[in-house]
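So you can see what is in the structure, the chains are spelled out below.
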Amino acid sequence: WSLGVDLVPFKICSYDCVYCQLGRTTDKTMERKPYIPADEVLSELARKLKEPDRPDYITLAGSGEPTLNSEIGAILDGVKRMTDIPVAVLTNGSLLWRDEVRIALAHADRVIPSLDAGDEFMFRYVNRPCEGLSFERMVEGLREFAHSFRGEVWLEVMLLAGVTGLPAEVRKIADC
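Below is a summary of the structure that appears in this document. (Residues numbered from 1 in each chain as written. Predicted model: local features only at pLDDT ≥ 70, side-chain atom pairs only at ≥ 80, totals over all residues. Heavy atoms only, no water.)

## What to know about the overall build of the protein chain
Right, so step 1: On a plain count of helices and strands, the protein chain comes out with 6 helices and 7 strands.
Right, so step 2: Ordered by position in the sequence, the α and β elements of the protein chain form the string β-β-β-α-β-α-β-α-β-α-α-β-α.
Right, so step 3: Taken against the 2.2 N^0.38 rule, which gives 16 Å for 176 residues, the C-alpha radius of gyration of the protein chain at 16 Å falls within 12% of a compact globule.
Right, so step 4: Counting over 176 residues, the protein chain shows a buried share of 48%.
Right, so step 5: Counting every atom, the protein chain has about 8,900 Å² of accessible surface; 53% of that belongs to carbon and sulfur. (Helix = DSSP H or I, 4+ residues; strand = E, 2+ residues; numbered from the N terminus. Rg over C-alpha atoms; globule rule 2.2 N^0.38 Å. Buried < 20%, exposed > 50% of the residue type's maximum accessible area, 1.4 Å probe, protein only. Areas by Shrake-Rupley, 256 points an atom, 1.4 Å probe, with all protein chains shown as cover.)

Listed below in structure tokens is the structure:
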């Protein structure tokens, strides 16, 4: 059982994925800022954790890209001081090439980044990233993070029938 914590307002994301169950991204950006301040998140979480049902995980995710919140590191540190419940971060992985993002995620127990394509063309087609974000940069950030992170990294892959679910495309993703 996971308690989800949303760190950005609805549909603020660095991608506009064709498969997103929440619809089109309304604010596509790579700008990191305190969209929801750490003290607000931690105050609400403290209130929620007083309820009788104890979650197995606290999951930082939501309806946008959580690493866009520049206070994610302070939030992770605050959660770790507040409880021994493990913390997972669901991320599209688009900002893992940034040192400050990798450092901010260091105190998570599990990080679950996405990899939905095996090359630049499919990356642009499926994820529709912000300008200035290349497939190569995203993959290198993911690799660097996976090698340096001390917690668990679980890769989430969305296979789209007839697009990335084809054997040749799956091999490209697996090769990454």
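## Structural notes on the state of the cysteines
Here a disulfide denotes a covalent bond joining the sulfur atom of one cysteine to the sulfur atom of another.
Right, so step 1: The final tally for this structure, using the stated rule, is 0 disulfides.
Right, so step 2: Lacking any disulfide linkage, Cys13 is separated from the closest cysteine sulfur, that of Cys17, by 6.3 Å. (Disulfide = S-S within 2.5 Å.)

## Focus: the side chain of Thr91
Right, so step 1: By the element assignment, Thr91 lies in strand β5 (residues 87-91).
Right, so step 2: Here the side chain of Thr91 touches Glu65 through a polar contact of 2.5 Å, side chain to side chain.
Right, so step 3: Every residue in contact with Thr91, bar those within four places of it in the chain, is listed here: Glu65, Thr67, Val111, Ile112, Pro113 and Ser114. (Polar contact = N/O pair within 3.5 Å; in protein donor to acceptor, adjacent residues only side chain to side chain. Contact = heavy atoms within 4.5 Å.)

## Description of the pattern of salt bridges
Right, so step 1: Within this structure, the stated rule accounts for 13 salt bridges.
Right, so step 2: Linked through salt bridges whose partners overlap, the residues forming this network are Asp16, Arg24 and Arg128. (Salt bridge = Lys/Arg side-chain N within 4 Å of Asp/Glu carboxyl O.)

## What to know about the environment of Asp6
Right, so step 1: When you line up the elements, Asp6 lands in strand β1 (residues 2-6).
Right, so step 2: Under the relative-accessibility criterion, Asp6 is labelled partly exposed at 32%.
Right, so step 3: Once the C-alpha coordinates of Asp6 and Phe145 are considered, the two residues, 139 residues apart in sequence, prove to be 22 Å apart.
Right, so step 4: If we skip the residues at most four places from it in the chain, Asp6 touches Ile36, Ala61, Gly62, Ser63 and Gly64.
Right, so step 5: In terms of polar contacts, Asp6 uses its side chain to reach the side chain of Ser63, at 2.9 Å.

## Topic: the side chain of Thr25
Right, so step 1: Of note, Thr25 is situated in the loop between β2 (12-13) and β3 (27-28).
Right, so step 2: A residue is classified by how much of its surface remains accessible, and Thr25, at 13% relative accessible area, is buried.
Right, so step 3: Side chain to side chain, Thr25 and Lys11 meet in a polar contact 3.4 Å long.
Right, so step 4: Reaching out from Thr25, the side chain makes a polar contact with the backbone oxygen of Tyr15 at a distance of 2.7 Å.

## Some remarks on the nonpolar core
Right, so step 1: Ile58, Leu60, Ile72, Ile75, Leu76, Val89 and Leu105 are the most contacted members of the largest nonpolar core, which has 47 residues in total.
Right, so step 2: Top contributing element to this core by residue count: helix α5 (residues 135-148), with 5 residues.
Right, so step 3: With residues up to four places along the chain from it excluded, the contact list for Ile72 reads Leu7, Arg32, Leu60, Pro66, Thr67, Val89, Ala104 and Leu105. (Core = buried A, V, L, I, M, F, W, Y, C linked by side-chain atoms within 4.5 Å.)

## Details of helix α1 (residues 38-49)
Right, so step 1: With 12 residues, α1 extends 16 Å between its outermost C-alpha atoms, agreeing within 8% with the 16 Å of an ideal straight helix rising 1.5 Å per residue.
Right, so step 2: On its buried face, α1 is in contact with β1, β4 (57-61) and α2 (72-82). (Expected span 1.5 Å × (residues − 1).)

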